[in-house]
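Observations on chain architecture
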Amino acid sequence: MRRSTVPVLITRFSQPIENTQRVFLALSDRKISANALRQTLGLTKILSEALKSPVQVMQVFPEPTKSSSDMQSVLVNSKFPIQQVQGNPIRKISASLKTNDLLILVESTHRFGQPTLGREPEAIARSHPKTSMMIMHFPDLF
């Protein structure tokens with residue numbers, strides 16, 4: 001997936017998509033490029049409009065820090081409600097999920113010896129087997 005030159009979407013729908021009541025975009029990796037974030041937000045908006053569901057964006061910081069100014073600028077321009085929290089991303093995201101959410105995660109930055117998608121999607125999927133999920137990867141070339 002890392003070498004892909006086209007967008008990749010990995011999905012798990014555990015219920016009919018028309019039952020979606022909220023599109024929940026969770027951002028936990030500060031190293032996402034501004035371009036990938038713009039594309040993620042654009043697709044999130046399209047999904048929310050098609051599903052007639054509101055969007056909630058949660059930005060989780062594992063430690064006290066601030067995101068890059070490029071990332072903040074893109075988020076502010078999205079006009080989505082943004083909740084910024086600090087703590088363990090898996091716990092914070094899991095605690096905020098509701099029944100009938102469509103959880104959207106962005107591919108995490110790859111570290112050697114770690115799963116390509118990071119540990120968050122697998123951990124959240126295990127603890128929320130009935131939650132529909134989508135993982136997005138937008139290469140910088142696209």
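Residues numbered from 1 in each chain as written. Predicted model: local features only at pLDDT ≥ 70, side-chain atom pairs only at ≥ 80, totals over all residues. Heavy atoms only, no water.

Digging into unusual backbone geometry
The backbone of Lys-52 sits at a positive phi, close to 55°, despite the residue not being glycine. Take Lys-52: it is sitting in the loop between helix H1 (34–51) and strand E3 (55–61). Judged by its relative accessible area of 75%, Lys-52 falls in the exposed class. The phi dihedral of Asn-100 is positive, around 70°, even though this residue is not glycine. Residue placement: Asn-100 occurs in the loop between helix H3 (89–96) and strand E5 (101–106). With relative accessibility at 18%, the residue Asn-100 sits in the buried group. (Helix = DSSP H or I, 4+ residues; strand = E, 2+ residues; numbered from the N terminus. Buried < 20%, exposed > 50% of the residue type's maximum accessible area, 1.4 Å probe, protein only.)

A closer look at the side chain of Ser-53
Along the polypeptide, Ser-53 turns up in the loop between H1 and E3. When its relative accessible area of 6% is taken as the criterion, Ser-53 is described as buried. With sequence-adjacent residues up to four places away left out, Ser-53 is seen in contact with Thr-20, Gln-21, Arg-22, Val-23 and Ser-48. (Contact = heavy atoms within 4.5 Å.)

Examining the sheet that holds strand E2 (residues 22–27)
A sheet is described by the order of its strands in space; here six strands give the open sequence E1-E6-E5-E2-E3-E4, paired in mixed fashion. Each edge of the sheet is formed by a strand with only one pairing partner; in this case those strands are strand E1 (8–12) and strand E4 (82–86). Across the sheet, the mean angle from the axis of one strand to that of its neighbour is 20°, orientation sign disregarded. Summarising the sheet, E2 and E3 pair through five bridges and their orientation is parallel. (Pairing = 2+ DSSP bridges. Axes fitted to C-alpha atoms, helices over the stretch in contact; angles between N-to-C directions.)

Some thoughts on the nonpolar core
One finds Leu-25, Leu-27, Leu-37, Leu-41, Val-57 and Ile-104 to be the most contacted residues of the largest nonpolar core, which totals 20 residues. Mapped by element, the contributors of at least two residues to this core are E2, H1, E3, helix H2 (69–78), E5 and strand E6 (132–137). No other element matches H1, which puts five residues into this core. Sequence-distant contacts of Ile-104, defined by excluding residues within four places in its chain, comprise Val-23, Phe-24, Leu-25, Ala-26, Thr-44, Leu-47, Met-134 and Met-136. (Core = buried A, V, L, I, M, F, W, Y, C linked by side-chain atoms within 4.5 Å.)

Quick look at H1
Here H1 contains 18 residues, and its C-alpha end-to-end distance of 25 Å stays within 8% of the 26 Å for a straight helix at 1.5 Å per residue. Those residues of H1 that fall on the buried side of the exposure criterion are Ala-36, Leu-37, Gln-39, Thr-40, Leu-41, Thr-44, Leu-47, Ser-48 and Leu-51. Phi turns positive one or two residues past the end of H1, at Lys-52, with a value near 55°. (Expected span 1.5 Å × (residues − 1).)

Honestly, that's just the spatial picture; any functional story needs more than this.
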